[in-house]
Amino acid sequence: MEFCRRVLVVFILSQIVCTGAQDDAEEVACSPGFQVKQYQVEYDGGFLKDQPLLKVVFDDCAENQDVSFEVSHPDFLIDEDLNLVPRRDVIDSGAVLFVHGLNAHADDMAQVDIMGAPPRSPQTLREIVGLGDITPYRTKRSLLVPPMFVPENQRAPFPRSIGKSHVISYDMKDDHYFRLTGKGADQDPKGVFSINRRTGEVAVSRALDREAIAFYHLQVSTTDMSGNLVEGPVDLDVYIIDQNDNRPIFKESRYSGEVLEGSPSGTTVMTMTALDADDPNTDNAVLRYIILRQSPEKPSPNMFYIDPERGDIITVISPSQLDRETLPTTQYELEIVAKDMAGSEVGLTGTATATITITDRNDHAPEFTHSLFQASVDEGSTGVVVNLTVDDRDDPATGGFRAMYSIINGDPNQSFEIHTNPDNNEGMLSVVKPLDYESSMFHTLMIRVENEDPLVPDVIYGPSSTATVYIAVQDVNEGPVFFPDPLMVTKWENIPVGSFVAMLNATDPDFRQIQSVRYGVLRDPAGWLSVNPVKGMVNTTATLDRESPHVHNNRYSAVFMATDNGNPPATGTGTLIITLQDENDNAPYVVPSVARMCEDAKEVNVAVIGARDKDIHPNTDPFKIELGKQLGLEKTWKISRINNTHSQIMLLHSLQRANYNVPLVLTDSGFPPLTNNTELKVQVCTCKKNRMDCNGAVTPVTDLLLLLSLLTLSILCL
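Cut-offs applied
- Here the residue numbers are simple positions, counted from 1 along each chain's written sequence.
- Local features in a predicted model are, by the rule used here, given only for residues with pLDDT of at least 70; side-chain atom pairs are given and counted only at 80 or more, and totals for whole chains, interfaces and linings are based on all residues.
- Calculated side-chain values reflect all of the structure's heavy atoms, with hydrogen atoms and water omitted.
- A helix here means a DSSP run of H or I that spans at least four residues, while a strand means a run of E at least two residues long, and both kinds are numbered starting from the N terminus.
- Type-normalised accessible area, obtained with a 1.4 Å probe on protein chains alone, sets the label of each residue: buried when under 20%, exposed when over 50%, and partly exposed for intermediate values.
- It only takes one pair of heavy atoms within 4.5 Å for two residues to be counted as in contact.
- One bridge is not enough; two strands pair if DSSP finds at least two bridges between them.
- The angle between two axes is taken between their N-to-C directions and runs from 0 to 180 degrees, where each axis is a line fitted to C-alpha atoms and a helix contributes only its stretch in contact.
- By definition, a salt bridge exists where a carboxyl oxygen of Asp or Glu is found within 4 Å of a side-chain nitrogen of Lys or Arg.
- Any two cysteine sulfur atoms lying within 2.5 Å of each other are counted as a disulfide.

Section: the environment of Ile213
Along the chain, the position of Ile213 falls in the loop between strand 16 (201-204) and strand 17 (215-223). Take Ile213: its relative accessible area is 28%, and that puts it in the partly exposed class. Separated by 27 residues in the primary sequence, Ile213 and Ile240 have C-alpha atoms spaced 7.9 Å apart. Setting aside chain neighbours within four positions, we find Ile213 in contact with Pro189 and Ile240.

Shown next, in the form of structure tokens:
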């Protein structure tokens, strides 16, 4: 009896564990126990002694050492080859057997359904699940619910029976019933499965879709007529058996890949991947790939191969034939077929297109279309003189096609440059420094062309990658050239009109031609100069004034021209710069011209004044600033020297608010010195709280005699 209970408990636990084991099948490499949980044997009137019925699959994941097996029917055993064998001739086998496997690493239960076997005559629990000598058993019933399997996409009629629950007991009361609960029974999706209340037979009510729900977890229990639980609930796992009802599907209808020309055979180009929604543990989702068609088929219809299992597309064509420049096209289209059922004839298929582009490598050096190019250029001009053309068989969109030009010989003065025209890959040879016909009538350049990208190791630049350019310089009538330019001279200002200034010198560079030169004035801002047209002698026509606005930093500039008698005539220009030496021809003047003071001598009654001179040292400071030579001025005003350029004027006593003109005498330090008799306007203002108000002053007192008379009268009155 104890063994019976142990067998029942182990079986139920094994069925519960089975669900978790199946869910984790992808993560666990080996699950100890029966690798197949349910077996079927056809009943054909009975079973003969020692005749194997089936072979169970058991693996404890540790080489199956010391495994013992027990069968629920005493007339059956598991031999050393794992075969189920009758101990004797058996007629009354019953409809189900349970096999228990046990060792230190595994403890598991399997079920053997005997299809078509008649019901057994009433047996004791000992007879059903006991083996050998078993202690007396208890009468407690046990509910056994093996896992069930249902194929998807079954056709009507429905409902269909899928299996049966068992109550292992000497009897089951008539007022006890089976009940089925869980998702698919009394929970959404409701009504998929049902159970016969009396027999425990489970049925499916409609066709199932494994890809929608692959597994149902239900529970079976027994209740009394009032619905009170008698036994259970026990888990019932229903697995949906997959059918091949889904075609392989590629993620995209078109795929793109690239392979470099000249790649060795076996180079992987790309990987095609299709998905199948069927059960990945069955052949229904095992895919095989083939290339159905290649377009174009030249130079070979089998340029590529696809690994049937991984979907890797690799090259088959030899590297020498995989030449982008000789292939009929740079793009090949492959029609790829993915077939399930491991590629068998009954498998379903899906298709996609793979476009493979043969990409370029720099295996062709650029070559000039001519070994010699010729051009002519006028002397003195610049710009593009000739375009050099090259051929290159590589891809125009790559650096293996784009050309780079260089001058490798014949240009010691760097008079030429060459650049690539990005529109047509031509080399544009330009003159960047004007050429001189008289110095050299011809130039011979050696030009080399290379690619932006380096050539592949087995290709080199040959003789065709260099070319000669022959350039003829055309003579042009050039204008005379002044020397020196500019011509620098130094003169005193104020020299007499007609004085000699300079002698111009212009020569004609066209020494191969005999031509005369005539001079003229092109730009003379002050109109001071003239030039002899034949001799080039420059004389003054007016007084040179260093203080003129046309003189900057003591320098006066004039531009002259020289014209030859060529056809057509050519003109050159030259500059004459005259540095003017200063004479003391400007008297100093007072700054500022207006000074302000307070009418009350106790307030601000001092102003600072200075002297300026248009001349330059030594004809300027130190300046002498004095009061004018008029009687009585020194009693009202006083001037004190501050430095070489400035003095201060002081009001000695209070004056009426008004404007006064104070006569001053300013003298510079030139030789001889120059004196300027001038006046300083002094505004006498009202001052209060550090504010000076000079508005509304009376008419300026310009008559100094009147001022002196008023001062004398005021003194007498005192």
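From this point, things continue past the structure.
Let's talk about the sheet that holds strand 25 (residues 312-315)
Spatially, the three strands line up as an open sheet ordered 21-25-24, and their pairing is antiparallel. Each of the sheet's edge strands pairs with one partner strand only, and the pair in question is strand 21 (268-271) and strand 24 (304-306). Within this sheet the neighbouring strands show an average axis-to-axis angle of 20 degrees, counted without direction.

Some words on the pattern of salt bridges
Using the criterion set out here, one finds 15 salt bridges in the structure. For Asp75, the salt bridge identified is with Arg88, shortest N-O distance 2.1 Å. Of the two residues, Asp75 sits in the loop between strand 5 (68-71) and strand 6 (76-78) while Arg88 sits in the loop between strand 7 (83-86) and strand 8 (96-102), which places them 13 residues apart along the sequence. What makes Asp75 buried here is its relative accessible area of 12%. Between Arg310 and Asp312 there is a salt bridge, and its shortest N-O distance comes to 3.1 Å. Overall, Asp312 belongs to the buried group, its relative accessible area being 16%. Connected through salt bridges with shared partners, the residues Arg210, Glu211 and Asp242 form a single ionic network.

With respect to the state of the cysteines
Considering all chains together, one arrives at three disulfides under this definition. Paired through a disulfide, Cys30 and Cys61 show a sulfur-sulfur distance of 1.7 Å. With the S-S dihedral at roughly -90 degrees, the linkage between Cys30 and Cys61 falls on the left-handed side. Residue Cys30 is located in the loop between helix 1 (2-23) and strand 1 (33-34), and its partner Cys61 is located in the loop between strand 4 (58-59) and strand 5; the two are separated by 31 residues in the primary sequence. When its relative accessible area of 31% is taken as the criterion, Cys30 is described as partly exposed. We classify Cys61 as partly exposed; its relative accessible area is 34%. The partner cysteine of Cys598 in its disulfide is Cys687, sulfur to sulfur 1.8 Å. Handedness here is read from the sign of the S-S torsion; for Cys598 and Cys687, about -90 degrees, the answer is left-handed. Linking Cys598 in strand 47 (residues 594-598) with Cys687 in strand 53 (residues 675-688), this pair joins segments that are 89 residues apart in sequence. Cys687 gets classed as buried once you look at its relative accessible area, which sits at 17%. Regarding the disulfides, the protein carries the connectivity 1-2, 3-5, 4-6 under sequence-order numbering of its bonded cysteines.

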